[in-house]
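Chain by chain, the residues:
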Amino acid sequence: EAGVTQSPTHLIKTRGQQATLRCSPISGHTSVYWYQQALGLGLQFLLWYDEGEERNRGNFPPRFSGRQFPNYSSELNVNALELEDSALYLCASSFGTLSVTDTQYFGPGTRLTVL
Amino acid sequence: QQQVKQSPQSLIVQKGGISIINCAYENTAFDYFPWYQQFPGKGPALLIAIRPDVSEKKEGRFTISFNKSAKQFSLHIMDSQPGDSATYFCAASTDSWGKLQFGAGTQVVVTP
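The model shown is predicted, which means the values in this text are computed figures rather than measured ones.

A. Inspection of the pairing of strand β9 (residues 86-92) of chain B at higher detail. All names here are of chain B. For β9, the buried fraction is high: six of the seven residues fall into the buried class. Bridge analysis of strand β4 (residues 33-38) against β9 gives four bridges, and the strand direction is antiparallel. Looking at β9, one finds that Q37 is bridged to Y88. Of the pairings in the sheet, the one linking β9 to strand β11 (residues 106-111) comprises three bridges and is antiparallel in character. What sits directly across from T87, in β11, is Q107. The pairing of β9 with strand β10 (residues 101-102) spans two bridges and is classified as antiparallel. Each bridged residue has a counterpart across the sheet, and for A91 the counterpart in β10 is F102.

Now the structure itself:
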């Protein structure tokens, strides 16, 4: 069974540009989560989508946004890129919101570098 | 505001030794406490998890100890092996949150 996949693996942008990151969840999973892993800062929760709806949002500015498509895949958009947005962006998926103990399975991440 | 505090930041242990990582939390609404293991270049992978209705959970060489009154939980890695060298994250969550609140991570190095 395929795991969570993310694309692209690496992304290099310049300040002020927009970045789009994509995530395909494990088959059967309806929830998708986005986390930012900046160097030395651990994993910070960004967004949670379930059944196409945004369910929760972390403490990030509005220029971080996303959506979930009918096939449950998801897209994270970062507008007006800043240098501090350079990080590994991780996507995770789970069966849904029935129980918090539904394990979140992580993808390998997209390394975003802002120059 | 860091809701889950993890220590130590790094740990070096000899092969066969015990690795101990500690976490403390503030939010008493948390009811799910997983530990994730992350190797370089990979996403985190669930190692073991516990809910507050039990004080200890063991899976192979990995044990979670949970102290609800102290709002603390810890991971013990018994008989540490070089293949255990990774970064370990504790986390906490509630049903209504969906999100995992992660600790800062502990880099564990197991020397041969």
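B. A look at the interface of chain B and chain A. Between chain B and chain A, the residue contacts involve 21 residues of the former and 19 residues of the latter. Carbon and sulfur atoms make up 59% of the surface buried where chain B meets chain A, a total of about 1600 Å² over both sides. There are three residue pairs in polar contact (both at pLDDT 80 or more) connecting chain B and chain A. Considering only residue class, the side of chain B that touches chain A consists of nine nonpolar, seven polar and five charged.

C. Examining the sheet that holds strand β8 (residues 72-77) of chain B more closely. Residue and element names in this part refer to chain B. If you walk across this open sheet you meet the five strands as β1-β3-β8-β7-β6, and the pairing is antiparallel. Across the chains shown, the open sheet's two edge strands, defined by having one partner strand only, are β1 (4-7) and β6 (56-59). On average, adjacent strands in this sheet sit at an angle of 15 degrees to one another, irrespective of strand direction. In the sheet, strand β7 (residues 62-67) pairs with β8 via six bridges, with the strands oriented antiparallel. Among the inter-strand pairings, I64 is bridged to a residue of β8, identified as L75.

D. Spatial organisation of the packing of aromatic side chains. Following the criterion strictly, the structure yields 18 aromatic pairs over all chains and no others. Each residue in the set Y35, F45 and F106 of chain A together with Y36, F89 and F102 of chain B is aromatic and connected to the rest through ring pairs, giving one cluster.

E. Examining a nonpolar patch on the surface more closely. A surface patch of nonpolar side chains, amounting to about 240 Å² of accessible area, comprises I18, I20 and M78 of chain B. Looking at where I18 of chain B falls in the secondary structure, it is placed in the loop between β2 (10-14) and β3 (19-25).

F. Inspection of the state of the cysteines at higher detail. All names here are of chain A. Tallied over the entire structure, the rule returns two disulfides over all chains. Here C23 pairs with C91 through a disulfide, and the sulfurs are 1.8 Å apart. Linking C23 and C91, the disulfide has an S-S dihedral of approximately -60 degrees and is accordingly described as left-handed. Taken as a pair, C23 in strand β3 (residues 19-24) and C91 in strand β9 (residues 87-94) lie far apart in primary sequence, 68 residues in all. For the residue pair C23 and C91, the accessibility class agrees, reading buried in each case.

G. Up close: the sheet that holds strand β8 (residues 74-78) of chain A. All names here are of chain A. The four strands are arranged β1-β3-β8-β7 in an open sheet whose pairing can be described as antiparallel. Each of the sheet's edge strands pairs with one partner strand only, and the pair in question is β1 (5-7) and β7 (64-68). Each neighbouring strand pair of the sheet contributes to a mean axis angle of 20 degrees, computed without reference to strand direction. Sheet topology note: the β3/β8 ladder contains five bridges and is antiparallel. Paired with A19 across the bridge in β8 is V78.

H. Region of interest: the pattern of salt bridges. All names here are of chain A. All told, the structure shown has eight salt bridges over all chains when counted by the stated rule. We note a salt bridge from E82 to R63, for which the minimum N-O separation is 3.4 Å. Of the two residues, E82 sits in the loop between β8 and β9 while R63 sits in the loop between β6 (53-57) and β7, which places them 19 residues apart along the sequence. A relative accessible area of 31% means that E82 is categorised as partly exposed. What makes R63 buried here is its relative accessible area of 16%.

About the cut-offs
Starting from 1, residues in each chain are numbered consecutively following that chain's sequence as written. Lettering for chains starts from A, numbering for ligands starts from 1, and both go in the order in which the items are written. Thresholds applied to this predicted model are a pLDDT of at least 70 for local features of residues and 80 or more for the giving and counting of side-chain atom pairs; totals over whole chains, interfaces and linings are not thresholded and use all residues. With hydrogens and water stripped out, all remaining heavy atoms of the structure feed into the side-chain values. Exposure is judged per residue with a 1.4 Å probe applied to protein chains only, and the accessible area is read against the type maximum: over 50% gives exposed, under 20% gives buried, and values in between give partly exposed. Secondary structure follows DSSP: runs of H or I at least 4 residues long count as helices, runs of E at least 2 residues long count as strands, and numbering of each begins at the N terminus. Two strands pair under a simple rule: DSSP has to find at least two bridges between them. Contacts between residues were defined by any pair of non-hydrogen atoms, one from each residue, lying within 4.5 Å. Each of two parts loses accessible area, computed with a 1.4 Å probe, when they are put together; buried area is these two losses added. Whenever two N or O atoms come within 3.5 Å, that pair is a polar contact, provided that in protein one can donate a hydrogen and the other can accept it, and provided that, for residues adjacent in sequence, both atoms are side-chain atoms. As a working rule, the residues Ala, Val, Leu, Ile, Met, Phe, Trp, Tyr, Cys and Pro are called nonpolar, Asp, Glu, Lys and Arg charged, and the rest polar, with Gly in that last group. To obtain each axis, a line is fitted to C-alpha atoms, and for helices this fit is confined to the stretch in contact; angles are then taken between N-to-C directions over 0 to 180 degrees. Pairing of aromatic rings covers Phe, Tyr and Trp, the last through its six-membered ring, and needs centres within 6.5 Å; plane angles under 30 degrees mean stacked, over 60 mean edge-to-face, and all others mean tilted. Residues forming no salt bridge and having over 30% relative accessible area are the ones grouped into patches, like charges within 9 Å of each other and nonpolar side chains (Val, Leu, Ile, Met, Phe, Trp, Tyr) within 5 Å. Using a 1.4 Å probe, the Shrake-Rupley method yields the accessible areas, and only the shown protein chains count as cover for residues. The working definition used for a salt bridge is a side-chain nitrogen of Lys or Arg within 4 Å of a carboxyl oxygen of Asp or Glu. Disulfides are defined in this document as cysteine sulfur pairs within 2.5 Å.

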